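# Summary of structural features
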Amino acid sequence: MADIDHLTGNKVLANEKIRVAVVGASGYTGGEVIRLLLEHPHVELAFLSAERSAGAAIGTVHPWLRNHPKAGGLKFRPLAELADIDAVDVAFGCLPTGALPERLPLIAAHAKRVLNLGGDYRLRAESEVRTHYPKTAEHPPLEDFAYYVPELSPEVPDGRFVNLPGCMAVTTIYALYPLFAGAGRTEPLATDRVVVDAKTGSTGGGRGSNEPPAERTGNFRVHKLYGHRHAPEVRQAIADFTGAAVDLRFSTHSLDVARGIMVTAYAELREGVTSLDVKRAYAKAYVGKPFVRVRPAPKAPQDFPMLKAVVGSNVAEVAIAVQGGQVVAVAALDNLIKGAAGQAIQAMNLISGFDETAGLPTTAVSP
Ligand SMILES: NC(=O)c1ccc[n+]([C@@H]2O[C@H](COP(=O)([O-])OP(=O)(O)OC[C@H]3O[C@@H](n4cnc5c(N)ncnc54)[C@H](OP(=O)(O)O)[C@@H]3O)[C@@H](O)[C@H]2O)c1
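Residues numbered from 1 in each chain as written. Predicted model: local features only at pLDDT ≥ 70, side-chain atom pairs only at ≥ 80, totals over all residues.

Bringing the overall build of the protein into the picture now. Helix and strand counts for the protein come out as eleven helices and 13 strands. Scaling as 2.2 N^0.38, a compact globule of 367 residues should have a C-alpha radius of gyration of about 21 Å, and the protein matches this with 20 Å. Viewed in the frame of its principal axes, the protein has a C-alpha envelope of about 65 × 50 × 40 Å. Out of the 367 residues belonging to the protein, those deemed buried represent 47%. Contacts in the protein between residues far apart in sequence, at least 24 positions, make up 72% of those at least 6 positions apart. (Helix = DSSP H or I, 4+ residues; strand = E, 2+ residues; numbered from the N terminus. Rg over C-alpha atoms; globule rule 2.2 N^0.38 Å. Buried ≥ 20, exposed ≤ 12 C-beta atoms within 10 Å, placed from the backbone. Contact = placed C-beta atoms within 7 Å.)

This next bit is on the sheet that holds strand 1 (residues 18-23). Pairing is parallel in the open sheet, where six strands are placed in the order 2-1-3-4-6-5. Two strands in the sheet have a free side with no partner beyond their single neighbour: strand 2 (43-49) and strand 5 (146-147). Relative to strand 4 (residues 111-116), strand 3 (residues 88-93) runs parallel, the two being bridged by five bridges. The residue bridging Gly 93 from the neighbouring strand is Asn 116, located in strand 4. Each of strand 1, strand 3, strand 4 and strand 6 (161-163) touches helix 11 (residues 337-352); the most contacted strand, strand 4, lies at about 140 degrees to it. (Pairing = 2+ DSSP bridges. Axes fitted to C-alpha atoms, helices over the stretch in contact; angles between N-to-C directions.)

As assigned here, the protein comprises domain 1 (18-165 + 338-352) and domain 2 (168-337). Of note, the centres of domain 1 and domain 2, computed from C-alpha atoms alone, are 25 Å apart. On the side of domain 2, 28 residues touch domain 1, which itself brings 21 residues to the contact. For the side of domain 1 that touches domain 2, the elements supplying multiple residues, two or more each, are helix 1 (28-37), helix 4 (126-132) and helix 11. (Domains from an automatic or database assignment.)

Let's shift gears to the pairing of strand 7 (residues 190-200). The pairing of strand 7 with strand 10 (residues 261-269) spans eight bridges and is antiparallel. In the strand pairing of strand 10, Val 195 is matched with Tyr 266. Sheet topology places strand 7 next to strand 9 (residues 247-254); eight bridges connect them, and they run parallel. Its bridge partner lying in strand 9, Val 194 is registered against Leu 248.

Before going further, it helps to spend a moment on unusual backbone geometry. The phi angle of most residues is negative, glycine excepted, and most peptide bonds adopt the trans form. Following Ser 366, the chain continues to Pro 367 via a peptide bond in cis, the omega torsion being -5 degrees. Among the secondary structure elements, Pro 367 is positioned in the segment after helix 11. At Ala 297, a residue that is not glycine, the phi angle is positive and equals roughly 40 degrees. With respect to the helices and strands, the residue Ala 297 is situated in the loop between strand 11 (292-294) and helix 10 (307-310).

Taken in spatial order, the seven strands line up as 8-9-7-10-13-12-11 in an open sheet, and their pairing is mixed. Of all strands in the sheet, those with a lone pairing partner are strand 8 (221-224) and strand 11, marking the two edges. Direction aside, neighbouring strands of the sheet carry axes that sit 25 degrees apart on average. Inspection of the sheet shows strand 11 paired to strand 12 (residues 316-323) by three bridges, in the parallel sense. Bridged to Val 292 within strand 12 is Ala 316.

As a further point, take the site of the ligand. The immediate surroundings of the ligand are formed by 30 residues, with Gly 24, Gly 27, Glu 51, Gly 118 and Gly 206 found nearest. Of all the secondary structure elements, the ones that give two or more residues to the shell around the ligand are helix 1 and helix 11. Considering each element in turn, the shell around the ligand owes the most residues, three residues, to helix 1. Class assignment of the residues belonging to the shell around the ligand gives a composition of twelve nonpolar, 15 polar and three charged. Split by domain, the residues of the shell around the ligand number at least three in each of domain 1 (18-165 + 338-352) and domain 2 (168-337). (Near = placed C-beta within 6 Å. Nonpolar A, V, L, I, M, F, W, Y, C, P; charged D, E, K, R; others polar.)

Put into structure tokens, the structure is as follows:
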């Protein structure tokens, strides 16, 4: 199945390499895209852009990459120089949200496909785009972007432009999807009202974050109780993937860790839905999905999803606990990998006809 390029329809050869650009490569997600692609069997890094760090060697900006044998010759270049090289097969958009729209014409002219990690083209409703992504509203896309969650989207996108999900949004989507997909029932397993409490590490704010480390260290605080832009994205995705209109309360908190997101979602089961129905729905939703793992029958705290089991990997862990008519769903992932760079590489693999798992780690880095 996975040997056809979805854009060209061509067969993919086992030793084929594609040429890739990383736009915004000196940031946290761009650095992770580079780190993972340095080990990818089908990728040649052709162009790495930076703004303030243009001209620097990658190991000076990302010291964790400096000892890789292929890193020595790699430097960041100003984005405008993308026009000076042969068109790349894929450009990963790792710019701060709002920076891509006005640069898209340049990138699209020199890349056959654009996979955007930023939020610019995730939402469809105009009023929400205006509220949460004003730059996108000013610069509408040249063509539609497909919103792509590899495990849940019904098709691998065959267009040139793909937008990946937000990190806290997708953690929440993995936690909630089986409750509303119904697993063969005509109705969702849960009632519409869902409360979500999401916690994220400091890299979620990007390298440009101006939060002093001393104020994050040893602290645990509110990020946004209302109005986070990932809330409409979760509503839109659950509606698209399941047909359910979820009444979502979504609050976010800042953790004192560099990486990792943990989401706890609370919902009420519909009349007659049993604990076994819920377990079956979660097992069915993610069967055969290499990067979303449902924790079987968790009892002890360490059986549940946790950051130390996922940070460093492209895996999202999911678990549920049912008590009476209530269900609590928990999900955890590494925001820079399964929430960003790894998710985008997984999408590239599927779109390009490579093995879905190529270049993507499943083990965490711990302790
Ligand atoms: N961080 C996460 O956990 C995460 C997860 C999922 C999605 N995302 C999304 O991914 C995108 C990148 O996030 P990030 O955390 O990697 O951000 P970041 O660490 O702040 O990096 C931003 C990158 O964009 C470059 N850049 C900034 N302004 C630019 C401009 N005007 N023109 C050209 N290049 C510019 C920066 O270059 P210089 O530093 O050299 O100036 C840097 O390479 C964001 O849209 C974010 O919402 C982030």
